[in-house]
Amino acid sequence: MDPLVATLALILLALLGARFSFSTERIPAGPRLLFRTGTHFLFVGVLLGPAVLGLLSTEALVQLYPLLGLGLGWVGLLFGLQLDRTTLRQFPGAFHALAIGQAVIAFGVFAAIGWFSADLMGMATPQVTALILAAGATAAVSSPAGIALVSTNFLVRGQVRQCLFFVASLDAVVGLVALQVTYGWMHGTDMTAGFEVGGPLFWTGIDLALGLVCGVLFLWLMRLRPGREELVLYLLGISALAGGAALQLQLSPLVAATVMGAVVANFSRDRDRVFKALQQWEKPIYLVLLLLAGAQLRLPTWWVFPLGVGYFAMRMVGKVIGSAVFVQLLPLPFDAPRRMGLGLIPQGGITLAMALSLVLTLGGSGIEVGGLPAVDLLFAVIVVGVVLSELTGPVFTAQVLRRAGEITRAVEKAIAEGDDRKAEAEAMRRHRPASPVPAGASEPEPETDDEDEADAESPSPSP
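Quick caveat: nothing in here was measured; it's all calculated off a predicted structure. (Residues numbered from 1 in each chain as written. Predicted model: local features only at pLDDT ≥ 70, side-chain atom pairs only at ≥ 80, totals over all residues. Heavy atoms only, no water.)

In terms of helices and strands, the chain carries 22 helices and two strands. Counting only residues that meet the buried cut, the chain has 58% of its 463 residues in that class. In the structure as shown, the chain presents an accessible area of about 18,500 Å², 64% of it carried by carbon and sulfur atoms. (Helix = DSSP H or I, 4+ residues; strand = E, 2+ residues; numbered from the N terminus. Buried < 20%, exposed > 50% of the residue type's maximum accessible area, 1.4 Å probe, protein only. Areas by Shrake-Rupley, 256 points an atom, 1.4 Å probe, with all protein chains shown as cover.)

Shown next, in the form of structure tokens:
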């Protein structure tokens, strides 16, 4: 397919998908949740891609890489807007420590299990180690979308839910930094082309500096308070600049864009305007990313599926252990369930965006594992793991909230009977005031479907 036609077709599909997906209707956990988060567009992308119909050929996908850079920059910018120091200070320090600490342990547990498994099979080469670290970075990330879905379905209120939502909205910071440090470690090896100077800290600093420069440039552009249409053009341009420049330097476009978003969040008087403009186009851009990610998907071996299950299991172990450690150590203002980490199983857009950036950065490296293309293998494994997390994560989250007493039998019974008014009355009876959530990641109130939709559909930890 001609690249221009392919681009127009993708935009049309994204606009239609954004219009008809992300329903606010209450649904049971399970396969139908994929239609609430848009993950089914991965499979639409597979259908359109070279592996099946070939409507998006390999050549067309390569020529669409600038569009991917734009999308990754947009996702990172939206996530970075949450890192507003004024809003984050409203939360207890224990919440911050839990968000960062459990993600660090999840990354460490995943990387350790992965490396020892590779070592037992005699495959612990530097290339394989780097890919394990990259996979561990994606495994550290949670998504608030699954928690929002449970909140919507069961009219959940309470401090455990609020804490889970905050943690899932913030822990991507650890995954993004870990992935960028891994990129920096790869520089100077046969995994990347050129850029042989420096080391992990040097290249991480370059990525941070790129985001800072783009953020300052955007603030300069905003000084004359552009109109709505101009603002969208500025956002498209700065997202493409940050994402594209990072990809050219074989760095993380998400880190550069996140830093840019943090600069805007903390120094722009028009932060709310920027966020609303980003959120307005969030769904179509996210769906374009999903379609292109699906088109990039290859299944080099049937081992992808058991390895995907292994990815899911290792991540679950890391999340449970990490949360259990910090729940015991931290003075949380509520009685936290022992297996609170099960509430952080849902993954989403940030994880897929990280995996897609791996494909764009390392896709031409020619790395092989056991005679198979390593990047294709890794991407497929992560996609399988994410789909499993999307299917099962909300179920685990609901179990955690039941044990915490924030989902009651009375509410579930009223919902099953279709009596929404009674369900809301029972939920209000159990309501306890809770802290606010990060700007850009506001927790849905069950009474207002529009707010529920805004949170449940969000691809990044706002994203």
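In this section: a nonpolar patch on the surface. On the surface, I113, V317, I321, V325 and L329 cluster together into a nonpolar patch covering about 390 Å² of accessible area. Element by element, the count of residues in the nonpolar patch is highest for helix α17 (residues 304–329), at four residues. Inspection of the secondary structure puts L329 in helix α17. (Patch = residues over 30% accessible without salt bridge, like charges linked within 9 Å, V, L, I, M, F, W, Y side chains within 5 Å. Salt bridge = Lys/Arg side-chain N within 4 Å of Asp/Glu carboxyl O.)

Of all hydrophobic cores here, the largest spans 72 residues; its most connected members are M354, L358 and F379. For this core, the leading source of residues is helix α19 (residues 374–403), giving 12 residues. Contacts of F379, omitting those with residues within four sequence positions, involve A293, Q296, L297, A355, L356 and V359. Formed by 36 residues, the second largest nonpolar core is a distinct cluster that contains A99, V150, M316 and M340. (Core = buried A, V, L, I, M, F, W, Y, C linked by side-chain atoms within 4.5 Å. Contact = heavy atoms within 4.5 Å.)

Okay, the environment of Y183 next. Mapped onto the secondary structure, Y183 falls in helix α11 (residues 172–186). Put simply, Y183 and L131 are 52 residues apart on the chain and 9.9 Å apart in space, counted from C-alpha to C-alpha. Among all residues touching Y183, those that are not within four sequence positions of it are Q250, L251, S252, S357, L358 and T361.

Bringing the side chain of Q180 into the picture now. Along the chain, Q180 turns up in helix α11. Those residues within four positions of Q180 in sequence are excluded, and the remaining contacts are W203, T204, D207, L251, S252 and V255.

One pass over the structure, following the stated rule, counts seven aromatic pairs. Here F202 and W203 contribute two aromatic rings whose centre-to-centre distance is 5.1 Å and whose plane-to-plane angle is 85°, an arrangement assigned as edge-to-face. Aromatic rings pair up to connect F91, F95, F166 and F334 into one cluster. Between R85 and the ring centre of F267, over which it is positioned, the NZ or CZ distance is 5.6 Å. Between R223 and the ring centre of W220, over which it is positioned, the NZ or CZ distance is 4.1 Å. (Phe/Tyr/Trp six-rings, centres within 6.5 Å; stacked < 30°, edge-to-face > 60°. Lys NZ or Arg CZ within 6 Å of the ring centre and 35° of its normal.)

Here we come to the pattern of salt bridges. On inspection of all chains with the given rule, the structure shows three salt bridges. Residues K319 and D171 are paired through a salt bridge, measuring 2.8 Å at the closest nitrogen-oxygen approach. On the criterion of sequence distance, the pair formed by K319 in helix α17 and D171 in the loop between α10 (159–170) and α11 is long-range, its members being 148 residues apart. Taken individually, K319 and D171 each receive the classification buried, so the pair is uniform in this respect. With a closest N to O distance of 2.3 Å, R225 and D270 form a salt bridge. Within this pair, whereas R225 is found in the loop between α12 (200–221) and α13 (228–248), its partner D270 is found in the loop between α14 (253–267) and α15 (271–280), the two being separated by 45 residues in sequence. Assessed through its relative accessible area of 47%, R225 is described here as partly exposed.

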